[in-house]
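This is what each chain is made of:
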Amino acid sequence: MGADTAGGLELERVVKHYHGAEEVRAVDGVNLTIAPGEMVALYGPSGSGKTTLLLLIAALLTPEEGSIRYAGRALESLTANQASDYLLRDVGFIFQSFHLMPRVSAIENASIKLLLAGVGMREARARAIPWLQRVGLGDRLQHTPGELSGGERQRVAIARALAGEPRLILADEPTGNLDSARSREIIELLRSIAHERDAAVLLVTHDLEAAAIADRRCTLRDGRLSEDSAPAVRA
């Protein structure tokens, strides 16, 4: 990809430590850019700081040092209301845990961010259904989470994150509950969204095969980021 990151994501010397009995250097001087239209895979062992980095980019945590900019805005300078609006309107966050409402249908769960953003119920449902269909749940639209498998619940959460067509997608182990064939479909979907919609996508994964589908692959270990010198290999 080119170096043009206007409208994309830029992290400069970002630091986040947790201070307790022992200091944990979760994110330790990270530099990273993701251009619109690019998918970057972030690979690393458990406890390496990957989820902390996503939470910083989502403005759910504030860095102790450094700067995070999205579309030219410094996220660490946002007010609480501005940070909430940014997360609601600009970011599609696919959490490791599903965070679904237990007693409502897949359509309603996938529509919730649109409703919170002020979209009417009918339009929200109309916009959510195609994404549920794209993740293979076209025949499960009226099912509640209790009637769905773990993999199906994960796919509802993915549809919810994508229904608002965000320009920044943060995916924390989005295929952890999916079989290998469905996992590849979801990663390919995220990559196609990046390319077709000029979205910046950051994929956190333990799966090297999933990471290989991305445009670039970085490794995070003990809070330190390094970029693979070789391009990702297409399977």
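One structure accompanies this document, and this report is about it.

Conventions and cut-offs
Residues numbered from 1 in each chain as written. Predicted model: local features only at pLDDT ≥ 70, side-chain atom pairs only at ≥ 80, totals over all residues. Heavy atoms only, no water. Pairing = 2+ DSSP bridges. Helix = DSSP H or I, 4+ residues; strand = E, 2+ residues; numbered from the N terminus. Axes fitted to C-alpha atoms, helices over the stretch in contact; angles between N-to-C directions. Contact = heavy atoms within 4.5 Å. Core = buried A, V, L, I, M, F, W, Y, C linked by side-chain atoms within 4.5 Å. Buried < 20%, exposed > 50% of the residue type's maximum accessible area, 1.4 Å probe, protein only. Salt bridge = Lys/Arg side-chain N within 4 Å of Asp/Glu carboxyl O. Phe/Tyr/Trp six-rings, centres within 6.5 Å; stacked < 30°, edge-to-face > 60°.

Spatially, 6 strands are ordered E6-E7-E8-E3-E9-E10 in an open sheet, and the strand pairing comes out mixed. The sheet terminates laterally at strand E6 (91-94) and strand E10 (224-227), the two strands that pair on one side only. Taken pair by pair, the neighbouring strands of this sheet meet at an average axis angle of 20°, ignoring direction. Relative to strand E8 (residues 200-205), strand E3 (residues 39-43) is paired through 5 bridges, and the arrangement is parallel. Bridge assignment links Val40 to a residue of E8, and that residue is Leu202. The strands that helix H5 (residues 150-162) touches are E6 and strand E7 (168-172); relative to E6, the one it contacts most, it runs at about 170°.

With that settled, consider the nonpolar core. Counting 41 residues, the largest nonpolar core has Met39, Leu132, Leu162, Ile169 and Leu190 as its most contacted members. Every element with two or more residues in this core is listed here: E3, helix H3 (106-116), helix H4 (121-134), H5, E7, helix H6 (180-197), E8 and helix H7 (208-211). Leu162 has contacts with Trp131, Ile169, Leu189, Leu190 and Ile193, leaving out every residue within four places of it along the chain. Within the second largest apolar cluster, 31 residues are counted, among which are Leu11, Ala58, Leu75 and Leu168.

Counted by the stated rule, this structure contains 15 salt bridges. Of the charged contacts, one joins Glu23 and Arg25 as a salt bridge, the two residues approaching to 3.6 Å between their closest N and O atoms. Owing to a relative accessible area of 41%, Glu23 belongs among the partly exposed residues under this scheme. Across the pair Arg197 and Glu165 runs a salt bridge whose closest N-O atoms are separated by 3.1 Å. Note that Arg197 is positioned in helix H6 and Glu165 in the loop between H5 and E7, a separation of 32 residues in sequence. When salt bridges with common partners are traced through the structure, they connect Glu23, Arg25, Asp28 and Arg224 into a single cluster.

Centre-to-centre distance and the angle between the planes together describe a pair of aromatic rings. Per the stated rule, a full pass over the model turns up 2 aromatic pairs. A ring pair is formed by Tyr70 and Tyr86, whose centres lie 6.0 Å apart and whose planes are at 55°; its orientation type is tilted. Separated by 16 residues along the polypeptide, Tyr70 in strand E4 (residues 65-70) and Tyr86 in helix H2 (residues 80-89) bring together distant segments of the chain. Across this residue pair, the class does not change: Tyr70 and Tyr86 are buried. Ring centres of Phe93 and Phe95 lie 4.1 Å apart, and the angle between their planes is 10°; on these two criteria the pair is classed as stacked. Its relative accessible area of 25% is what places Phe95 among the partly exposed residues.

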